[in-house]
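Structural overview for review
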Amino acid sequence: MVLSARNGIKGKVTDVKLGEVMASVKIEVTEPGVITAVITRESAEALELAAGDDVEAVIKSTEVMVAKE
């Protein structure tokens, strides 16, 4: 499958909980080993980011889709 979205992260389903309308799917992720974030220069400078800093990658989205090959 080819998608234009660049935030696809492969993983393995570890749990599926089915509700009346929605389903909760837990996906264990091991790849990618590196997540690349593109942020403004102003933000990078404000955070004083440097190689070796401990940070948290926070993925902001209105939805997460699940694709199965």
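Thresholds, definitions, all that
Residues numbered from 1 in each chain as written. Predicted model: local features only at pLDDT ≥ 70, side-chain atom pairs only at ≥ 80, totals over all residues. Heavy atoms only, no water. Salt bridge = Lys/Arg side-chain N within 4 Å of Asp/Glu carboxyl O. Helix = DSSP H or I, 4+ residues; strand = E, 2+ residues; numbered from the N terminus. Pairing = 2+ DSSP bridges. Patch = residues over 30% accessible without salt bridge, like charges linked within 9 Å, V, L, I, M, F, W, Y side chains within 5 Å. Areas by Shrake-Rupley, 256 points an atom, 1.4 Å probe, with all protein chains shown as cover. Buried < 20%, exposed > 50% of the residue type's maximum accessible area, 1.4 Å probe, protein only. pLDDT = per-residue confidence, 0-100.

Our next topic: the pattern of salt bridges. Under the defined criterion, the tally for this structure stands at 2 salt bridges. Between D15 and K17 there is a salt bridge; the shortest N-O distance is 2.9 Å. For R41, the salt bridge is made with E45, and the minimal N-O distance between the two is 2.8 Å. Highlighted residues: R41 and E45, both in helix α1 (residues 41-46), separated by 4 residues, approximately one helical turn.

The next thing to look at is the pairing of strand β1 (residues 11-18). Here β1 runs beside strand β2 (residues 23-29); their pairing, made up of 7 bridges, is antiparallel. If you follow G11 over to β2, its bridge partner there is V29. Counted between consecutive antiparallel strands, the loop separating β1 from β2 contains 4 residues.

A surface patch of nonpolar side chains, amounting to about 890 Å² of accessible area, comprises I9, V13, V16, L18, V25, I27, V29, I35, I59 and V66. By relative accessible area, V13 is classed as partly exposed at 47%.

The next point concerns the confidence of the model for the protein chain. Counting all residues, the mean pLDDT for the protein chain is 79, and 87% of those residues have values of 70 or more. Taken element by element, the protein chain is modelled with least confidence in β2, mean pLDDT 81, and with most confidence in α1, mean pLDDT 88.

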